[in-house]
Amino acid sequence: MNVPQTMGQQFGRRSWAEPWKIKMVEPIKMIDRPARQVALDEAGYNTFLLRSEDVYIDLLTDSGTNAMSDRQWAGMMLGDEAYAGSRNFYHLEDAVRTYYGYKHLVPTHQGRGAEHLISQALIEPGDYVPGNMYFTTTRQHQELAGATFVDVIIDEAHDSQNPHPFKGNIDLAKLEALIARVGAEKIPYISLAGTVNMAGGQPVSMANVRDLRALCDRHGIRLYLDATRMAENCFFIQEREEGYQDKPIAAILKEFCSYTDGAWMSSKKDHLVNIGGWLAMNHEDLFEKASNLVVVFEGLHTYGGMAGRDMEAVAIGIEEALQDDYMRSRIGQVRYLGELLSDWNIPIVQPVGGHAIFLDAKRIYAHMPQSAFPAQTLAAELYLDSGIRSMERGVVSAGRDPQTGDHRYPKLELVRLTIPRRVYTQAHMDVVAESVKAVYDARHAVKGLEMVYEPAYLRFFQARFAPIR
Ligand SMILES: Cc1ncc(COP(=O)(O)O)c(C=O)c1O
């Protein structure tokens, strides 16, 4: 007779548990398969267009889906909703200075607000912005400001099975080649993201950012950081990089940021809130331009589109996100789901990254051409199987080349199972794993989708599809 084992025992280790307990719950329910088919038809086979009430376990995104702590909720009651000079703004400014180390802060309603400001402030038409793989909204703002984005991430990042520990690193030789080709004066800044969402939540090493700083200093180029999931990035540095094992995540973050000139932030991720963001910098000229632009596009420079209470929740969330035991359980939960799927030989991006499991749709639907949108199809099949909502990160997200108008066919064709922070339990992860397995086992019968409606910008949000019969 098999003796039941705890999860930890099954993996030959001691079990871990979250460093919090649940104080409030939100009921969820699953609708049956015929109702899910109706919902999927109505949503044009795009999981972004489903109603959340029709979703059972929502792994669409880790953005703004966090559960706040009792301290954050208490902070919401201390919101100073003055139009100008709210005390919560000064608390937030202080938290960013303390933990990220930047001199100036410009608050925004969320990450893309900050991306808009930095792109408009620094980019001239005809410029080039190199970065470690693109992110959808980041690149869109850079292109709208007139720049060409150039991917200079290491080649390993484009291979879903490569075990490189820091697949988010920039390839300095690729960057030097770009500088030699276009000239440093055509590069307003380098756009460095940690972790790299589109590569599977892969981290950047401290050695890489240090080398990058030296390269930037040699050429007189600025280095700005997409710090959206930088706290999670620092966990991987602590775990994998020589000399950082005994350093707290907070100290690692401060050192990493010290090599950069500033950062933009979607607080909806690392900061454990539902809305918010900011742009922070050391250079006075960018501070002046961004402070001026923010009043046109976001709100006054001491709230930038956030309510006072939201700024308070972000300020408290920054501190909570940098607790080592919190981060161990956060990444541990993602890893748990990844270990289950890997052990069942389901192709996922390796190594498992910080915020999500990325299913390799190209390998799962090896019989399907990329033009039939394998990842979009897989996300739809998962929803049909169990009401789990995931997100396409492949040819639909990559959009069209602005020069040729053709689809961009990225090497990675992925479905993202994004784990919200402090929201779901291990039992939810088990349900998800079993549904992925059921869809994987039924993979040969699936033909793919055709796109029947395509919006001009960021098409993955609103495009509509129909099954190929
Ligand atoms: C890496 C990265 N940068 C920027 C953003 C944009 O942030 P927001 O959604 O808050 O506008 C996101 C959000 O998905 C992201 O993942």
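Residues numbered from 1 in each chain as written. Predicted model: local features only at pLDDT ≥ 70, side-chain atom pairs only at ≥ 80, totals over all residues. Heavy atoms only, no water.

*Asks:* Would you mind going over the site of the ligand with me for this structure?
*Replies:* Near the ligand there are 14 residues, and of these Gln110, Arg112, Asp226, Ser266 and Lys269 occur at the shortest range. Starting from 390 Å² of accessible surface for the ligand in isolation, the protein chains cover 94%. Per-class residue counts for the shell around the ligand are 1 nonpolar, 7 polar and 6 charged. (Near = heavy atom within 4 Å. Areas by Shrake-Rupley, 256 points an atom, 1.4 Å probe, with all protein chains shown as cover. Nonpolar A, V, L, I, M, F, W, Y, C, P; charged D, E, K, R; others polar.)

*Asks:* Before we go on, may I ask you to explain the pairing of strand β9 (residues 356-360) in this structure?
*Replies:* If a strand is regular, its side chains alternate between the two faces of the sheet. With respect to burial, β9 is a largely interior element, 5 of its 5 residues being buried. Alternating residues of β9 divide into Ala356, Phe358 and Asp360 and Ile357 and Leu359, and every residue in both groups is buried. When β9 meets strand β12 (residues 414-418), the two strands line up antiparallel, connected through 5 bridges. If you follow phenylalanine 358 over to β12, its bridge partner there is arginine 416. (Buried < 20%, exposed > 50% of the residue type's maximum accessible area, 1.4 Å probe, protein only. Helix = DSSP H or I, 4+ residues; strand = E, 2+ residues; numbered from the N terminus. Pairing = 2+ DSSP bridges.)

*Asks:* I'm lost on the packing of aromatic side chains in this one. Help?
*Replies:* In this structure the tally under the stated criterion is 10 aromatic pairs. Where tyrosine 189 meets tyrosine 224, the ring centres are 5.8 Å apart and the plane angle is 85 degrees; that geometry is what we call edge-to-face. In this pair, tyrosine 189 is assigned in strand β5 (residues 189-193) and tyrosine 224 in strand β6 (residues 222-226), connecting sequence segments 35 residues apart. The same class applies to tyrosine 189 as to tyrosine 224, namely buried. (Phe/Tyr/Trp six-rings, centres within 6.5 Å; stacked < 30°, edge-to-face > 60°.)

*Asks:* Which parts of the structure should I look at to understand empty space enclosed by the protein?
*Replies:* Empty space among the atoms becomes visible once a probe the size of a water molecule is rolled across them. By the definition in use, this model includes 2 cavities of 30 Å³ or more. Counted as a void, the largest cavity has a volume near 80 Å³. Taken as a whole, the second largest cavity holds about 40 Å³ of empty space. Residues belonging to the lining of the second largest cavity are distributed by class as follows: 3 nonpolar, 4 polar and 1 charged. (1 Å grid on protein atoms, 1.4 Å probe; cavity = no way out; pocket = protein on both sides within 12 Å on 5 of 7 lines; lining within 4 Å. Points joined across faces, edges and corners; volume = space filled by probe spheres on them.)

*Asks:* I would appreciate a short explanation of the pairing of strand β7 (residues 262-266) in the present structure.
*Replies:* Judged by how many residues are buried, β7 sits mostly within the fold: 5 of 5 residues are covered. Summarising the sheet, β6 and β7 pair through 3 bridges and their orientation is parallel. Its bridge partner being in β7, aspartate 226 is matched across the sheet by tryptophan 264. Alignment of β7 against strand β8 (residues 277-281), held across 5 bridges, turns out to be antiparallel. Residue pairing across strands places tryptophan 264 opposite leucine 279, the latter belonging to β8.

*Asks:* Is there a simple way to think about the sheet that holds strand β11 (residues 391-393) in this case?
*Replies:* Consider a sheet: its strands pair through backbone hydrogen bonds, and that pairing is either parallel or antiparallel. Read across the sheet, 3 strands follow the order β9-β12-β11 without closing on themselves; strand pairing throughout is antiparallel. Looking along the sheet, the strands with just one partner apiece sit at the ends: β9 and β11. Across the sheet, the mean angle from the axis of one strand to that of its neighbour is 35 degrees, orientation sign disregarded. (Axes fitted to C-alpha atoms, helices over the stretch in contact; angles between N-to-C directions.)

*Asks:* For this particular structure, what's the right way to read helix α4 (residues 87-99)?
*Replies:* Quick reminder: α-helices carry 3.6 residues per turn. Residues three or four places apart thus point the same way. Helix length check: α4, at 13 residues, gives a terminal C-alpha distance of 19 Å against a target of 18 Å (1.5 Å per residue), a fit within 8%. Taken as a whole, α4 has its buried residues at Asn88, Phe89, Leu92, Glu93, Ala95 and Val96. Axial view of α4: buried residues confined to an arc of 160 degrees, hence all on one face. At its buried positions, α4 is contacted by β2 (104-108), β8 and α12 (308-321). Of the residues flanking the end of α4, it is glycine 101, one or two places downstream, whose phi is positive at about 90 degrees. (Expected span 1.5 Å × (residues − 1). Arc of directions from axis to C-beta. Contact = heavy atoms within 4.5 Å.)

*Asks:* I would appreciate a short explanation of helix α7 (residues 172-182) in the present structure.
*Replies:* Of all the positions in α7, only Leu175, Leu178, Ile179 and Val182 are classed as buried. Buried residues along α7 cover an arc of 100 degrees about the axis, so they all sit on one side. Turned more than 90 degrees from where α7 packs its buried face, Ala173, Ala180 and Arg181 sit exposed. Its buried side turned inward, α7 meets β3 (128-131), β4 (148-151), β5 and α8 (206-219). N-cap assignment for α7: the residue whose side-chain oxygen lies 3.0 Å from the backbone N of alanine 173 is aspartate 171. Of the residues flanking the end of α7, it is glycine 183, one or two places downstream, whose phi is positive at about 90 degrees. (Polar contact = N/O pair within 3.5 Å; in protein donor to acceptor, adjacent residues only side chain to side chain.)

Worth remembering: the numbers are spatial, not functional.
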